[in-house]
Amino acid sequence: MANQSESTAAAVSGFFKAIGGFFSGFGTAVANGDAFVKLSLLWWGAGYARRKQYVKAVIMTALEAALILFTFSFAMEYVPKFGTLGTVKPEKVFNMKTMKNEWNDYDNSFQILLFSLFSFVVWFAAFIVWIKNVVNAYELQKKAESGKHINTFMEDIHTLKEENFHITLLTLPVMGVVIFTLIPILLLILVAFTNYDQNHMPPTSLFSWVGFDNFISLFGGGGLTVSFGYSFVRVLGWTLVWAFFATFTTYIGGILLSLLLNSKKTRMPKLWRTLFIVTIAVPQFVSLLLVRNFFSNGGIVNTICSNIGLTGFLRNIGLVSTSYIPFLSAPGWAHVMIILINIWIGVPYQMLISTGVLMNLPTDQLESARVDGATPFQIFHKITMPYLLFVTGPALVTDFVKNINNFNVIYLLTENVYTTTNQVMANSQAKEVDLLVTWLFRLTQDYYNYKMASVIGIVVFVICAVFTLVAFNRMIKGDKEGTYQ
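### Points about the overall build of the chain
And then number 1: Along the backbone of the chain there are 20 helices and 2 strands.
And then number 2: Taken against the 2.2 N^0.38 rule, which gives 23 Å for 485 residues, the C-alpha radius of gyration of the chain at 31 Å runs more than 25% over that of a compact globule.
And then number 3: By residue count, 37% of the 485 residues in the chain fall in the buried class.
And then number 4: Intrachain contacts of the chain at a sequence separation of at least 6 include 68% that bridge at least 24 residues.
And then number 5: Only carbon and sulfur atoms are counted for the fraction: they give 68% of the accessible area of the chain, which is about 27,800 Å².
And then number 6: Here the chain contributes 33 positively and 26 negatively charged side chains, and the mean placements of these two sets differ by 6 Å.

Dropping the structure here:
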């Protein structure tokens, strides 16, 4: 535990030291640089032009001009309105020139929010480039003063294909992450602090900042919002219970099934393995929709149970109060059935993973254990299971996070089948079988309550991030690799 805390502290310390070094290098460049380095603060290409790197000077000058053009022709149209998210509502006004009623020049709150955020990201990236540009100009000055060779533009291009190829290789992926991941996440966070819902829908209406009101509503604020706090506790609880059982039942089931099929006592293992793999070959949504129909209130399973008298027996002992068994339409029943159905879907996939790992078990350790008189259970407990956890531990963490966000299983099994009778949960558009992610989906698609959906999205992100960091940190600590070489 001490080593783990020390490594975490060292990583955090190294991160802040790197940031401090970045800015201290900029300060040194500004303080000790010549006139052209200082001029680079205003004209980005000055330092390169002084060292006869004219192509770079033109590129940096063009980049600076593009930033100025972006700022005054695009960003300044939206950023000044960021504080209010717009004040002019849409309405038709009579145009004296055309003698017609025309829409006024109204504000669109969502456009203001999105384009302002995009502008902030562009400005931040430009700020980093600006600092790095000054530092590079100072490095060129020091090379010139010491008589070292200064690369030509073609030599710099060559380095990007050789020793700095990692920069070339990562440029596009990093840009993709920023555009398609970072900006949507930041937008989600910002929406959580607004009143963006069905009553404030752009462009016909405006929405505005409300601070932490939505978080207070979700975490149990009083008044009319108390239903969200009530529903959140129950949905979060079921989400964690579901993620735990969905992960570990399929994981343990896959391992046991793999051990069974790999046993020398099992006949025709290839046939059995093929039959289980068929469940993976069939698209998951097809299987889930079929199973939903089988276990619906009027489905074939209920028909069979009624014909054999099981439904009547359960009604007599008080387990059901209807003429059918509510496999997917009542609390308790639906929770258990969803977990059981997920086992049937998930175990074959885990079986394949476990089979591949078991084929690489260290045979010398197994033979030594058998010679020493270890029982099969002791071998499984002391050698097989620790090895499986070591190899598949990261995948296990990933599966847990994936099940927190397992939209398909919950939605496809319960949509149009399960209807909550809990009025408090219904007031917040939630159901007892909802995960946080399915609740979020319903809030956005059916009720256009984007503000609360954003808050829930932040909660899901925090839960997944914290669990992943803690779990990975614990799993990779120590030197276990040598044990299984």
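### Description of the pattern of salt bridges
And then number 1: In total, this model carries 8 salt bridges according to the counting rule given.
And then number 2: With a shortest N-O distance of 3.2 Å, Lys 451 and Asp 197 are connected by a salt bridge. With Lys 451 in helix α20 (residues 450-475) and Asp 197 in the loop between α7 (165-191) and α8 (213-218), the pair connects residues that are 254 residues apart, well separated along the chain. Taken individually, Lys 451 and Asp 197 each receive the classification buried, so the pair is uniform in this respect.
And then number 3: The structure contains a network of salt bridges with shared partners spanning Glu 415, Asp 434 and Arg 442.

### Brief notes about unusual backbone geometry
Excluding glycine, residues mostly have negative phi values, and the peptide bonds linking residues are mostly trans.
And then number 1: Each neighbour pair has its own omega, and for Pro 202 with Pro 203 the value is 0°, a cis peptide bond.
And then number 2: Tracing the chain through its elements places Pro 203 in the loop between α7 and α8.
And then number 3: Positive phi, close to 65°, is recorded for Lys 52, a residue that is not glycine.
And then number 4: Within the secondary structure layout, Lys 52 lies in the loop between α3 (46-50) and α4 (54-78).
And then number 5: One non-glycine residue, Gln 429, lies in the positive phi region at around 60°.
And then number 6: Locating Gln 429 in the fold gives a position in the loop between α18 (423-427) and α19 (436-445).
And then number 7: Judged by its relative accessible area of 16%, Gln 429 falls in the buried class.

Conventions used here
- Residues numbered from 1 in each chain as written.
- Predicted model: local features only at pLDDT ≥ 70, side-chain atom pairs only at ≥ 80, totals over all residues.
- Heavy atoms only, no water.
- Helix = DSSP H or I, 4+ residues; strand = E, 2+ residues; numbered from the N terminus.
- Rg over C-alpha atoms; globule rule 2.2 N^0.38 Å.
- Buried < 20%, exposed > 50% of the residue type's maximum accessible area, 1.4 Å probe, protein only.
- Contact = heavy atoms within 4.5 Å.
- Areas by Shrake-Rupley, 256 points an atom, 1.4 Å probe, with all protein chains shown as cover.
- Lys, Arg positive; Asp, Glu negative; His and termini not counted.
- Charge placed at Lys NZ, Arg CZ, Asp CG, Glu CD.
- Salt bridge = Lys/Arg side-chain N within 4 Å of Asp/Glu carboxyl O.

By themselves, these figures tell us nothing about what the structure is for.
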